[in-house]
Amino acid sequence: MPTSDPPPLVIEAGQIERNYWRDLWRYRELTGFLAWRDIKVRYKQAVLGISWAVIQPAVQTILLTFVFGKLAKMPAGDVPYPLIVLCGLLPWQLFTSAFNGAGSSLVGNSSLISKIYFPRLVVPISTLAVALVDFGIMLALAIPLVIIFVGSLGWQLLFLPLFVLLALVIALGAGLWITALTVRFRDFRFITPFIVQIGMFVTPVGYRTDFLPNWRDLLALNPLAGVVDGVRWSLLAGRTDIYLPGLAMSVTTAVILMLTGVWYFRRTERQFADII
Amino acid sequence: MSQPAIEVSGLSKRYVIQHESQHDNLRDTMHHSARKLWRRLRWGTGFEKEEFWALSDVSFGVQPGEIVGIIGRNGAGKSTLLKLLSRITEPTQGKIKLRGRVASLLEVGTGFHPELSGRENIFLNGAILGMSRAEIKTKFDEIVAFAEVEKFLDTPVKRYSSGMYVRLAFAVAAHLEPEILIVDEVLAVGDQQFQRKCLGKMESIAQENGRTVLFVSHNLNAVRQLTTKCVYLSHGKVEFMGPTPLALDNYASSYSRDTPSGNGRHASIIEAHLIDENGLRLPAHQGAPVMWIEVIVETDGTNLSSIECMLTDMDGTQLGLYSPGHFTSWRFPATRGRWQCRLPMSVPPLSSGNYGLDICTTIHGKGPDHYLPNAVIIESSSLVNFPSKWDLRKEYASGHFILDAGDPKLSPLTKQPGSQTP
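Residues numbered from 1 in each chain as written. Chains lettered and ligands numbered in written order. Predicted model: local features only at pLDDT ≥ 70, side-chain atom pairs only at ≥ 80, totals over all residues.

Chemist: Break down the overall build of chain A for me, citing the residues and quoting the values.
Modeler: Within chain A one finds 13 helices and 1 strand. Along chain A, helices and strands appear, N-terminal first, in the series β-α-α-α-α-α-α-α-α-α-α-α-α-α. Expressed along its principal axes, the backbone C-alpha trace of chain A runs to roughly 70 × 45 × 40 Å. In chain A, which comprises 276 residues, the proportion classed as buried is 43%. At a minimum sequence separation of 6, the contacts of chain A that also span at least 24 residues come to 80%. (Helix = DSSP H or I, 4+ residues; strand = E, 2+ residues; numbered from the N terminus. Buried ≥ 20, exposed ≤ 12 C-beta atoms within 10 Å, placed from the backbone. Contact = placed C-beta atoms within 7 Å.)

So this is what it looks like as structure tokens:
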């Protein structure tokens, strides 16, 4: 036993924990374990297992190509239309999966929250891993398709991690709001699918924005538009344009979402165990 | 003396009951806020909320290396106290100072995932309880051996029997090495043998390593065996704090203040106590073959009223019934009056400890009229029964009764010289 006593831990009413961020770092192993648990459990007892990570986007690609490419006759430029859709679906799937995961994380782990102490931010953060794994699988399949049908990859690919990060920041920022609100108001469980459904259309998943100059600025209000544009640009080696003012807007919105999300989460965190 | 490991001062926790139930969904909240706003505008006051103080002004200290029990009845605030100590919820008022790493075990198997194997769950649960991966690795074999689940390590725990599940969960928790361990009612599960093993483990945690243990249980025997000091909580306040035997006595006597059921409209029990055969009050039952209880009953002349007693131990296990109404169709006289009844009960010699006697007046064909749970707390001391002054207690695993019908009768078996035993 240490002879020199460390300072005692003081628990008081209304006290803002000074060591919160250090605690969060100390609990990084738990974050890892929770992420690992979610990944392991995700496709357990499903006959098709991990191939679901591929089947869903494949079907969606076909569907969206049909709706936007064939029915709406949106222009594709010199890229096969399915690839436009696929490169849009990649970040969109990443976002929805991360957003849904983070949004439902607290209520889904209520037994932990009412029985054990840890910085509650661990829970929504750990859910991002599942989204990343699914994204990785899809990406590994999409890249050969791009090479086959478009020719080659470009230096733009180096920027892909930044766009992935941006998507995760948006998903986590929004997810923190939703998950903290769901603890008190279960209504948000019904609101989330709604947001995602609408988002699918106001985000340029099934169409490219560089052929819609009149709509670009309006679309840029949605932070995901910048992400989708960016991912498409980096995967298709610059064959689609990136709209920089839109991207700047997207980054700003993402940062605001994240900061306010953390603020609201931290503000309500202390009551989670009492009302969950 | 070193500084206390746990220092609690003026701790209170308030829950707002009414408010919360109205906040369940957004529509209600909007509705509620609108009404509140309307009221404010009209009368200048807000809504009244119903408050509930789960804990109020609780203070105590625990020295390093002590094992302290927390006892009290359901709703006394024990679990709230543990939740505050383990930082799950926040106090409304007051302060807690903790010196050392805290681990709390409020439930066995928190965070176990049914789909994962035993091996995976050991790591997951360990991490949730605050162990590092390296720490879990070094203790892995020990944990598996303690839980006795070697064969099923790679089976998903949803296929485990509930016993195996609990063993594994407790094993992980038992190998935590915090300076302060907070344990809630986890021994209510598992079989006798395993419970004993867990108690032993907790004892050794405190004794060998000088760690502080806070232990909540309704199992008074476990509390008696494990702890040296107790905090007795009642209605959110500290009713008593001190040596375990005294605290348990205090706790036991609270049972006699139990709220009665039935109104006693026809035959109400005024008082009851233990007496000897001559009617003198006795402080304790000392193993006499017949135990006498004196009960004062007031009747309104209703026909067919009688009386019943149930002897229980402090865990509520029923030990025996005294029911003259059933046994011999005995009734109170059908006239109004106050009666002194002396009830003789043949009681097998009981081991030392406290017992409760529920007393109930009944109306034949109608059921209980006035029911007093633990109307008399009977302290039995069997010390005097034996020339060798044995203290036979139930918690020493000697059971409720003393099964003594004399010494063994010996008769020598004469051996034939030279014969061989088969």
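That was the structure; now back to the text.
Chemist: Summarise the overall build of chain B; cite the residues concerned and give the values.
Modeler: Scanning chain B for helices and strands turns up 10 helices and 16 strands. Taken across its 422 residues, chain B has 37% of its residues classed as buried. Residue pairs at least 24 apart in sequence account for 72% of intrachain contacts in chain B once pairs closer than 6 positions are excluded.

Chemist: So what's going on with helix α11 (residues 223-235) of chain A? Residues and values would help.
Modeler: Across its 13 residues, α11 of chain A extends 19 Å between first and last C-alpha, which sits within 8% of the 18 Å expected from 1.5 Å per residue. Across the 13 residues of α11 of chain A, 13 count as buried, placing the element largely inside the fold. (Expected span 1.5 Å × (residues − 1).)

Chemist: Describe in detail the confidence of the model for chain B, supporting the description with residues and values.
Modeler: Residue-level pLDDT values for chain B average 80, and 84% of them are 70 or greater. Across the interfaces of the predicted complex, the ipTM metric reaches 0.82, alongside a pTM of 0.73. (pLDDT = per-residue confidence, 0-100.)

Chemist: Pulling in residues and values, what's your account of the sheet that holds strand β11 (residues 290-300) of chain B?
Modeler: Residues and elements named next belong to chain B. A sheet is described by the order of its strands in space; here 3 strands give the open sequence β10-β11-β14, paired in antiparallel fashion. Lying at the two open borders of the sheet, with one neighbouring strand each, are β10 (267-275) and β14 (336-346). Direction aside, the axes of adjacent strands within the sheet are offset by 20 degrees on average. (Pairing = 2+ DSSP bridges. Axes fitted to C-alpha atoms, helices over the stretch in contact; angles between N-to-C directions.)

Chemist: Describe the sheet that holds strand β3 (residues 67-71) of chain B, with residues and values.
Modeler: Working definition: the strands of a sheet are paired by backbone hydrogen bonds and lie parallel or antiparallel to each other. Residue and element names in this part refer to chain B. Pairing within the open sheet is mixed, and its 6 strands lie in the order β5-β6-β7-β3-β8-β9. Each having just a single partner strand, β5 (102-105) and β9 (237-243) make up the two edges of the open sheet. Strand-to-strand twist of the sheet, defined as the mean angle between neighbouring strand axes without regard to direction, takes the value 15 degrees. Pairing between β3 and strand β7 (residues 212-216): 4 bridges, direction parallel. Paired with isoleucine 67 across the bridge in β7 is valine 213. Strand contacts of helix α3 (residues 78-85): β3, β5, β6 (180-184), β7 and β8 (229-234), with the helix running at about 150 degrees to β6, the strand carrying the most contacts.

Chemist: Outline the interface of chain B and chain A, supporting the account with residue identities and numerical values.
Modeler: Contact with chain B, which involves 35 residues of that partner, is made by 29 residues of chain A. Sorting the residues of the side of chain B that touches chain A by element identifies α3, β4 (93-98) and α4 (118-129) of chain B as the ones contributing at least two each. Looking at side-chain class alone, the side of chain B that touches chain A contains 12 nonpolar, 13 polar and 10 charged residues. (Nonpolar A, V, L, I, M, F, W, Y, C, P; charged D, E, K, R; others polar.)

Chemist: Could you give an account of the environment of methionine 138 of chain A, with specific residues and numbers?
Modeler: Tracing the sequence through the fold places methionine 138 of chain A in helix α7 (residues 122-150). Those residues within four positions of methionine 138 of chain A in sequence are excluded, and the remaining contacts are Ala53, Val54, Pro57, Leu90 and Gln93 of chain A.

Chemist: Before we move on, could you go through the packing of helix α4 (residues 81-103) of chain A against α7 of chain A and cite the residues and values that matter?
Modeler: Residues and elements named next belong to chain A. It is the contact of α4 with α7, at a shortest axis distance of 8 Å, that shows an interaxial angle of 175 degrees. When the axes of α4 and α7 are compared, the pair comes out roughly antiparallel. Its residues placed into classes, the contact of α4 with α7 shows 18 nonpolar, 4 polar and 1 charged. (Parallel < 35°, antiparallel > 145°, perpendicular 65-115°, else oblique.)

Chemist: Please provide a residue-by-residue account of the nonpolar core, values included.
Modeler: Counting residues in each nonpolar core, the largest one holds 147 residues, and the members touching the most others are Ala98, Ala167, Ile170 and Ala171 of chain A together with Phe215 of chain B. If you tally residues by element for this core, the top one is helix α8 (residues 160-184) of chain A, at 16 residues. If near-sequence neighbours (up to four positions away) are discounted, alanine 171 of chain A is found in contact with Phe95, Ala98, Phe99 and Ala102 of chain A. Counting residues in each nonpolar core, the second largest holds 23 residues, with Phe332, Tyr355, Leu372 and Ile378 of chain B among its members. (Core = buried A, V, L, I, M, F, W, Y, C linked by C-beta atoms within 7 Å.)

Chemist: Account for the pairing of strand β16 (residues 367-380) of chain B, with residues named and values stated.
Modeler: All names here are of chain B. Strand direction decides the pairing type here: strand β15 (residues 353-363) and β16, joined by 10 bridges, are antiparallel. By the bridge assignment, tyrosine 355 is partnered in β16 with isoleucine 378. The antiparallel pairing of β15 with β16 creates a hairpin that spans 3 residues between the two strands, and glycine 365 there sits at a positive phi of about 90 degrees.

Chemist: Quick rundown of the confidence of the model for chain A? Include the residues and the values.
Modeler: Of all residues in chain A, 96% have pLDDT values of 70 or greater, and the mean over the chain is 86. Here strand β1 (residues 9-12) of chain A stands out as the element of chain A with the lowest mean pLDDT, 79, in contrast to α8 of chain A, whose mean of 93 is the highest.

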